[in-house]
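Analysis of the macromolecular model
Each chain, written out:
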Amino acid sequence: MTTTTIPHLPAGRTLRLGVSRIGYEVKTYFRQGDSVFFTFLFPLVMLTIFSVAFSEQNFGPDDAPLSAAAFYLPGMLAAGLLLSGLQNMAIDIAGEKGDGTLKRFAGTPLPVLSYFIGKIGQVFVTGVLQAVALLLVARFVFQVSLPTSFEAWLTFGWVFVLGVTTAAILGIALSGLPRSGKSATAVIIPIVLVLQFISGVYLNFAQLPSWLQNIASVFPLKWMAQGMRAVFLPEGYESIEVGGVWNLEGVALVTAIWLVVGLIVTRITFRWIRKDS
Amino acid sequence: MTTSAPVVSVRDLRKTYGSFTALDGVSFDIARGETFALLGPNGAGKSTTIEILEGYRDRSSGEASVLGIDPSKGGLDWKAQLGIVLQSTGESGNVTVREQLTHFAGYYPHARDVDDVIAAVGLEDKQKTLIRKLSGGQRRRVDVALGIIGRPELLFLDEPTTGFDPEARRQFWDLITTLKTEGTTILLTTHYLDEAAHLGDRAGVIAGGRLIDIGAIDELGGADARTPVVRWRENGVLHEERTTTPGALVARLGEPDDLQVIRPSLEDIYLKLVGDHASETSLTHEGAAL
């Protein structure tokens, strides 16, 4: 029997389609009202509520007062990374599994890598917009003074990029956890919520019992929040941190370990479809 | 057009889920440019067959070749030659018809023109509407459009016209006829026997995981199954006679009331095939029970 020869696809299309997917993903993200609210606007809403509710309180020592907005800004930036990355990806992809989107892709010549480039690109674009919105609101609505040194913004840059990438990859890895697209929110949101409470987003991390601090230190959100505090809290505040230092090496190390874990889990578990399910 | 190897070749295909046998030794070929209709009741194994050939399911045993490739090992090059219209749609579709088609066209090396495809499925008026706001039948047309956007060599259509109104179905038939004249090979499953008769060159009938008949559409069921029936009314009583010489019978009858010569439709032949198969299997089962 003669075999039909199948023409090869041109090289370089993985990246081209990945970029095309980013545009498609960002467009559909902003058309989805609930995800825009619960992942994009949520940290902004929380920052506003805390800043207004505790506007009379001093979050710093008596000799160096700190407004509620200044205190909560780093936490909300870190929460934004987690929401835009992990929560958004896990729920979005679980939904695409459930509604047949991935099954459709499985029958097309779309490379899996292009799909991931599209997802991570979408997280990156929305994460940047979210961070900019948070910074603008903090600066111009609540008069938080932002750092001026190049070094601080460099730290912000790497903590942001590493954090948002890790959160996105962990979201993709977790998307296999919900049994259906419909149960995705119920499975993912509690995980994200508990992490935010124990990692110094809503509650002052320094005031948590040390056993809870130890548990939180296993997970990346605590480190992402710590990295953000290192950027945005005034000098001297590291004395409140565990060990009395910002420990940026720890931030990089633990976050990177979670990035690798996420990549491995994704590599092992992600399939367009489960055959014979 | 060369008379090359078949586009689809299936030999003794079997699929079991635990102790349940979904496919029990199915064999057929589809030649290049041919439209092959796979018919059968729900749960007979049509979708299992088509999903094995699309690469969505693994077979338990037997051989399968699609465009010369084992579908369980088909890569992206192979998928670029296929058009797949799945049985179910369901994605939320926060994009417009035009956006979706333009985006998917980018996946294929020789995609069709987006405007042509939108026109071919009759969605010109809806091209700027979000897919989730379309009716079920209109969404189905988007599925068909996505199936053909990549100019496939082989097009899989799994119950493509479910939810279409009669006019949309006619439009769809015209579209498929055009694809046929362009040389596209098509594997179609459908519950509409008129659709199979209109579009199919050959058909296979699957029941209980077995291929119980296969052949040209106008030969299915054998010559006997096509014996015409003459029906007439005499003194208020309805008479029916199967005969190979209906002309002679009618001439003999003269001018009775309600005279009809009925050629069994594909639907009649199909129902008889499936009905015979069902009664045979139930007999064997009773025999086994005794």
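Presented here is a report on the structure given in the accompanying data block. Here the structure is a predicted model, which is why all the values come from computation and not from measurement.

A look at the overall build of chain B
Counting secondary structure elements, chain B contains 10 helices and 12 strands. Across its three principal axes, chain B shows a C-alpha extent of roughly 70 × 50 × 40 Å. The contacts of chain B with a sequence gap of at least 6 include a subset with a gap of at least 24, amounting to 64%. Of the roughly 13200 Å² of accessible surface on chain B, 48% is carried by carbon and sulfur atoms. Between the centroid of the 31 positive side chains of chain B and the centroid of its 43 negative side chains there is a distance of 4 Å.

Some remarks on helix α3 (residues 97–105) of chain B
Within the sequence span of α3 of chain B, burial applies to Val97, Gln100, Leu101, His103, Phe104 and Ala105 of chain B. Summarising the contacts, the buried residues of α3 of chain B are in contact with α1 (13–31) and α4 (101–106) of chain A together with α4 (114–120) and α5 (136–148) of chain B.

Notes on the packing of helix α6 (residues 150–174) of chain A against helix α9 (residues 220–232) of chain A
All names here are of chain A. Contact pair α6 / α9: the axes reach a minimum separation of 9 Å and the direction vectors enclose 160°. It follows that α6 is roughly antiparallel to α9 by the angle criterion. Taken as a pair, α6 and α9 cross one another with a handedness that is left-handed. When α6 is examined against α9, the residues Ala152, Trp153, Thr155, Phe156, Val159, Phe160, Gly163 and Leu170 are found in contact with a partner set consisting of Pro220, Met224, Gly227, Met228, Val231 and Phe232. Grouping the amino acids of the contact of α6 with α9 by side-chain chemistry returns 11 nonpolar, 3 polar and no charged.

Thresholds applied
Residues numbered from 1 in each chain as written. Chains lettered and ligands numbered in written order. Predicted model: local features only at pLDDT ≥ 70, side-chain atom pairs only at ≥ 80, totals over all residues. Heavy atoms only, no water. Helix = DSSP H or I, 4+ residues; strand = E, 2+ residues; numbered from the N terminus. Contact = heavy atoms within 4.5 Å. Areas by Shrake-Rupley, 256 points an atom, 1.4 Å probe, with all protein chains shown as cover. Lys, Arg positive; Asp, Glu negative; His and termini not counted. Charge placed at Lys NZ, Arg CZ, Asp CG, Glu CD. Buried < 20%, exposed > 50% of the residue type's maximum accessible area, 1.4 Å probe, protein only. Axes fitted to C-alpha atoms, helices over the stretch in contact; angles between N-to-C directions. Parallel < 35°, antiparallel > 145°, perpendicular 65-115°, else oblique. Left-handed = near helix turned anticlockwise from the far one by under 90°. Nonpolar A, V, L, I, M, F, W, Y, C, P; charged D, E, K, R; others polar.

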